[in-house]
Structures are given as structure tokens and as C-alpha cells.
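Remarks on the overall topology
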There are 2 protein chains.
Amino acid sequence: MTPGELSLLLARAYLSRVAEPPAPALAGFVVEHGAERAADAVREGRVPADVQKEVGARSELRLAEADLQAGHAMGARLLVPEHEQWPRERFAAFEHAAQNGARNTAAPLALWIRGSPRLAESTASAVSVVGSRAASGYGEQLAAEFGHGLVGRGFTVVSGAAYGIDGAAHRGALAGGGATLAVLACGLDVGYPAGHIGLLRAVEAGEGAVLSEYPPGTPPARHRFLIRNRLIAALSMGTVVVEAGRRSGARNTAGIAADLGRVVMAVPGPVTSALSAGCHELLRDGEAVLVTSTAEIAEAAGPIGANLIPPGARPSRDTDGLGEEELRVFEALDPRKGASADEVSVRSGVPLAGVRAILPALEFAGLVARGEYGWVRRRRRSERS
Amino acid sequence: MTPGELSLLLARAYLSRVAEPPAPALAGFVVEHGAERAADAVREGRVPADVQKEVGARSELRLAEADLQAGHAMGARLLVPEHEQWPRERFAAFEHAAQNGARNTAAPLALWIRGSPRLAESTASAVSVVGSRAASGYGEQLAAEFGHGLVGRGFTVVSGAAYGIDGAAHRGALAGGGATLAVLACGLDVGYPAGHIGLLRAVEAGEGAVLSEYPPGTPPARHRFLIRNRLIAALSMGTVVVEAGRRSGARNTAGIAADLGRVVMAVPGPVTSALSAGCHELLRDGEAVLVTSTAEIAEAAGPIGANLIPPGARPSRDTDGLGEEELRVFEALDPRKGASADEVSVRSGVPLAGVRAILPALEFAGLVARGEYGWVRRRRRSERS
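From a predicted model like this one, the values you see are computed outputs, not experimental measurements.

Quick notes on the rules
- Residues numbered from 1 in each chain as written.
- Chains lettered and ligands numbered in written order.
- Predicted model: local features only at pLDDT ≥ 70, side-chain atom pairs only at ≥ 80, totals over all residues.
- Heavy atoms only, no water.
- Helix = DSSP H or I, 4+ residues; strand = E, 2+ residues; numbered from the N terminus.
- Buried < 20%, exposed > 50% of the residue type's maximum accessible area, 1.4 Å probe, protein only.
- UniProt positions renumbered as here; feature names shortened; annotations may be inferred.
- Pairing = 2+ DSSP bridges.
- Arc of directions from axis to C-beta.
- Contact = heavy atoms within 4.5 Å.
- Buried area = accessible area lost by both parts, 1.4 Å probe.
- Salt bridge = Lys/Arg side-chain N within 4 Å of Asp/Glu carboxyl O.
- Polar contact = N/O pair within 3.5 Å; in protein donor to acceptor, adjacent residues only side chain to side chain.
- Nonpolar A, V, L, I, M, F, W, Y, C, P; charged D, E, K, R; others polar.
- Axes fitted to C-alpha atoms, helices over the stretch in contact; angles between N-to-C directions.
- Parallel < 35°, antiparallel > 145°, perpendicular 65-115°, else oblique.
- Least-squares fit on C-alpha atoms with pLDDT ≥ 70 in both.

**Notes on the environment of Gly152(A)**
Residue and element names in this part refer to chain A. Along the chain, Gly 152 falls in helix α8 (residues 137–152). Assessed through its relative accessible area of 65%, Gly 152 is described here as exposed. Sequence separation between Gly 152 and Ser 16 is 136 residues; the distance between their C-alpha atoms is 36 Å.

Encoded structure:
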């Protein structure tokens, strides 16, 4: 590492320690002046009032070196916007959103990351899978299936690290041997939730990574989960809500994803399940697209025109191509009792001349036959033994 | 009954026997000339070619008197468009649809009805509940619940007479003591399906009715179910598809309902259930509104502005009204370990002056308290014992 690079990392580490994300004024100040000059200005209190409001409470915290050492000790590195693997294109959505009037949002100042640091590559084609902590077996099964199916189609999976849907999505992606990203609402060293420490280790050991904008030691807090959700939304092309109650973080992520111009998808479930009520509400409100399979997710989230589901996939019947009068004639016949064309005409209400033209055509199609005692219907494929 | 009335009934009985529904040319001819003159013209073969095509095969069937006698013998009557209880307003949709280019559709020429003949009244506020014959327990439970809930809100339920969703909807409506209409695809005397003869008797015995445009003795046939579906759609303000496979008659009814300008609703279910796939497809294609409860059905199907669900029905939290900085301050506190305002400022990133203003406000709201060793968070309602 060159002294210049170290100086940059120290500046970014300091800045991300002194402001509680998101810090839109500080972010703008850093873009304007560069990280190092911005850090100096913050340390010396020479910043505009809106920036000072964001950093005033913590500007005395000079922990940059200690934070970098702590990161090094735990195998994490600080990914900064100046790095080629910074997910620049994904985070451009924050600028667009701010221009469109979204308030209090901003790209992170830096990201602590453990696992594969190739974030720009892994998020080039990514889908986030989110939902309730207290998921049902139905929801967990689907999340795992989607995680598995998405990596099989070349997508990276993005989620949080909670129990329930988040964990199931990661497990499915890992089982599929693909990349999955876990975005935390606390420092990477906090070990939250405790029951997922092993899972997060597996995520890091695979193609994916665990990441957070919060410095080492930052405890999780409710507002941090909400703020973290913007990163899950931004890092993916679309967000699937698998299960969500009427009030849930997953719905919050969906709202942010929509603000960022991402595709929002929701999975339906039993209307008797409170865990699907949030999904149904998103669908009722027209805020999400209904998806029921990985194929549908890939179609909705992927680049336009890619991953289209072939239209042929519907079941067919022998009588599918028949016109209305042909169907009436066909239905007027019995598989066993033969009927004359006259009888068929009266039964079906189709004029005799029409019946006389239709019966041979149906015979040619293999649907009816001339029996000893008149015309009979041939059994349908599904009825044949 | 006056001789004039009898003559009218005989004419309508004859006309509905000689044409297989729907017979749009004959229907137009009858509107133009009146039922009795139209019947004479058909009998004598003095009709335009398009009408002749609809009646030619059966115009020799002179069964009007026999049909009226058969109807009388089974306790049914022939309801005709000239009667005040003809559901004129509902059936006006057929004219609008035809004007909008819908082909091969028409109001029925007459309706055989058993039970309450007050059809104009019972369909003034009606919802049809349709779905698969081979329904799941989930689907049947919901159909019964909707049937019960809809009559409780003053709606009449409309459905077919099949096993599965149809039967469950009727049973729910009957249990609620309300009116339910079963529309058959065969003659009222055919007794199809056999396992629902008792249920249909109960429908007739209550506030509702069993009805059909098919003369006595007409056997069920697949095309008749599809044609019958237009009456289910037309007789109601909206159609709810509770469960439907990707190919199903219920989806057909939904399509007709849309053509008739009715509200189409679909109930989601597990994506793992093939019986909900048709519902999900309707929702994905934007052809139906997602509904999960009777209240939502009533809101969607009822007159605009009626039956609105009060917006308040969402769960609330103690911290719901808090602004972003207030929430951050609240979250920075612990229920047990006290903290000074300074500590809270660093932890939350909120400037000290802000923290000093926010803490007393939170105390006033009962969310935080001044403890012996500093500020503490008070336990949330749900956490209190």
C-alpha cells in the first residue's frame, strides 16, 4: 500500500466513524473536496453548518488507525469509492434519487468488507431477497429455492443477516455454489445475530462477502436496520419480498428500492398467513410485481428482454384448436352411444349442413370416429389408458 | 295468469328451446319484433339467414307447453324479460359489450328459476364467487368465509353448482342466512352434479334461487359451462376467483366479467399450489385485483366510495410518531444502563443540543426516564409484563 492510499483510507475511516449514516451533507462535502481535505476540515471544524450538524457530536473521535487495525485483525478491508471495485454504477442511483427529491439518503462513505472484495463485479447482476425474521417454513423454503435458483442463473444474491428469510436466501445461494452478499446493520466484528456467525463465515468463504458501512464495534439499532436497507436495495437490480408482515423492514426495503428505481417483487402466500400480509399489501397497492418462481424473478429483475419465459409453457387439450361450433358438435357426441348427423344437429343446435362438414374434420383430427351405430367421440388423451 | 301472459311464456319457452345459447341474432330479432311475433316467424321459417342459422337445427321442436308443464311439475317458473323481476340492469352489460365489439354474446331469452323469483332485487348488490371444482381445503374454507361474509354485508352470492369452490360459497352464504344464486349449465331437472342435489334444494329453500337458461332435460356439456359463465359474471357486480388452475373455467368467467365491465378479483395462495396458479396469473397479467378478505371484496366490488376499509387498521408502535433524530436518541439508550446526554450524543450522532431537547420530549411521551445513573429507555408496551 502506498502512503497516498493509506492516507486516503485513514481519511475515509475517520469520516465514516464521525457521521451516522446516511450523512448527505457530509457526502456532498466529500465529493466536492475529496476525502482527505474533507477529513481535515471536519477535524478542524471548518465545515458548513449542515455538515457540522452531521459530524459535531463525534468529530472528536480520532479512531481511524485503530479502526483500520481492528479491520485488519478480523480479516476485513475498507473498500472506498476511489477503488475500482467500488459499486459505482449501483450507487449512482442515490444521486438520481436525490435529484428526484428523495431526502436524507446518500451512498456510504466507505464499506467494511470481508470475503471477496470484488463488489463491482458481483453486483453487476444481483437480486436481493428479503423478508421476515420470523418466517414460516413456506417462506424459508421459497427463499432458499430462490437463492439457489438465482445463483444458478448467474445472479448474485443480496440480503441482510437476520434469521428467517435472509438466512434461508444465503443458504440457498451457498448450496448453489454462488455469490451472496450479507449487508449488516452493525460492525463486522459485532457477531449479530449470534446464531448466524457460522453462516456469515460460510458467506465470506465462498464467492460472496459480508459488508457494512458501520465501523468496527458499532452495535445494531433499529434505525440502522432501516438505513442499511438502502444498501441492500441499491446493490441489486431488484428486490424480492418473500414474506413480510404488514409492518416490516422488508416493506421498508421495498419502498427504498422503488425510490431508487429498482424492480420491486412480492411473493404471494396464503391469505390466512399474517406473514404474507405485507406482500399482499404491496401487490394490492401496485407497489410490487407478483412473482412465484425464480424464472419470474429473473424475467422481472434482469435486463429488459433477457430471461423471458417461453410463452409455450401452458398445458394443452386435444380440443384446443376447435371453433365454437366444432366444440358443440364434439360435445354432443358420446364415447359409446353412436349418433346420426341429424341427432347431433338437434343436440348441438348446429345446422345439419354444418354438422355434416364438421364431423369429417373432427374425424381427421382424431377426435371423433364413425362407429357401427353412428358417430362417437374418441376418448381424450388423458382418459386413454 | 292471463291468456296474454301464457302466450308470452309459450313463445319464450319455444324460443329458448330452439336456439343453443347464446344466440345473438335471434336475441336481436326478438327485441325487434317481440317474443310472440318472433316465435311465429321462427316456426314458419320467415327469418333472416343469421337467425335461421341459429334456429334451423331445432325449429321443429315444438315443446313449449311440455316444457312449461315440466317446469310447473318441478316447482320452477319461467322468468321472462317482460317480467318486472327480470335483472334488466345487470343484463344491459351484454348490449354494451356487443357495442364494444364482443362477439357471440347475448342476454338469455328466458330463465328457468326455482326458489325466490325476485332476481332483479337479489342481484341489485351481488358478488360471484368462483373457482376450481378440485379445490383445496384452503380454497374451500375461504370460499365459505367469503360467502358468509358477503351475505353478512348485504350482498347476494352468485356461483355455479360444482363441487369445490362453488359449493363452499353457497354453503357459506346459507350459513349466513343470506341469498345465494346457483346458475346451472343444464336443465333444472337434470340433477347435476348428483352430490349437490341437497345443497341446491337448500339454496332454493332460502332467500336465493337456482336458475338456468337451459330448458328442462338439457344435459350439461363443456361448452354450456363456458356459456353459462357469462350469466354468473353478468348477474354480479364483481367476480372473485378463489382458486383456479392455469386452465380453468373460473379464469374464463373472469375474462367474461372483464369484458362485461365487471370488477375481477383474485385471491392469492401458496405459490407451491397449482390450484392458485391461475389466480396468480390473473394478478401478474393485471387482469384482476388482489383480495384477501370479505372487506376487500366489498370495497372492490361495491359502489365506488362504499364499503371503504378504514385506513386506521394498521398496528402501531410506541415510537411510531418519532422523527429520525428522536428515534436515534431513543435507540441509543439502554433499559438498564443509564447514559449521560453527552454519551447519547456520541452514540446516536445527534448533536448535543439536539439530544438535550429530545430527551425531555421522549420522557414526556413516556418512552425514556431519568434514572439514578443517567437516562434509560423505558420498556415498550409489548415488553412490559
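**Considerations on the UniProt feature "domain: Smf/DprA SLOG" (unreviewed entry) in chain A**
Under the feature "domain: Smf/DprA SLOG" (unreviewed entry), the UniProt entry names residues 103–300 of chain A. Along residues 103–300 of chain A one finds 40% helix and 16% strand; the C-alpha atoms at either end are 27 Å apart.

**Re the pairing of strand β10 (residues 368–371) of chain A**
Residue and element names in this part refer to chain A. Strand direction decides the pairing type here: β10 and strand β11 (residues 374–377), joined by four bridges, are antiparallel. Looking at β11, one finds that Gly 371 is bridged to Gly 374. Connecting β10 to the next strand, β11, in antiparallel fashion are two residues.

**As for helix α16 (residues 341–348) of chain B**
Residue and element names in this part refer to chain B. All buried positions along α16 are accounted for by Ala 341, Val 344, Ser 345 and Ser 348. Along the axis of α16, the buried residues cluster in a sector spanning 105°; they form a single face. Where α16 is buried, its residues meet α15 (324–331), α17 (352–364) and β11 (374–377).

**Side note on the interface of chain B and chain A**
Taken together, the contact pairs 55 residues of chain B with 54 residues of chain A. When the buried area of chain B at its contact with chain A is split by residue, Arg222(B), Arg247(B) and Arg284(B) rank highest and sum to 17% of it. There are eight salt bridges connecting chain B and chain A. Put simply, Arg222(B) and Glu331(A) hold a salt bridge, and the shortest N to O gap is 3.2 Å. Remark: the boundary between chain B and chain A carries 18 residue pairs in polar contact (both at pLDDT 80 or more). Listing elements by their share of the side of chain B that touches chain A, those giving two or more residues are α4 (49–55), α8 (137–152), α11 (222–234), α13 (277–284), β9 (289–290), α14 (294–301), α15 and α16 of chain B. For the side of chain B that touches chain A, the leading source of residues is α15(B), giving six residues. When grouped by side-chain class, the residues that make up the side of chain B that touches chain A number 20 nonpolar, twelve polar and 23 charged.

**Overview of the packing of α15(B) against α17(B)**
Residue and element names in this part refer to chain B. Running from N to C, α15 and α17 point in directions that differ by 80°, and their axes come no closer than 10 Å. In this view, α15 runs roughly perpendicular relative to α17, as classed from their interaxial angle. Taken together, the residues of α17 that come into contact with α15 (itself represented by Glu 325, Glu 326, Val 329 and Phe 330) are Val 355, Ile 358, Leu 359 and Leu 362. When grouped by side-chain class, the residues that make up the contact of α15 with α17 number six nonpolar, no polar and two charged.

**Concerning the relation of the copies chain B and chain A**
With an RMSD of 0.3 Å, the operation that places chain B on chain A is a rotation of 180° combined with a shift of 0.0 Å along the axis. Each copy turns onto its partner about a two-fold axis. Considering only C-alpha atoms, the part of chain B nearest the rotation axis is Gly269(B), at 2.3 Å. Same-surface contact between copies: 98% of interface residues of chain B are shared with the interface of chain A.

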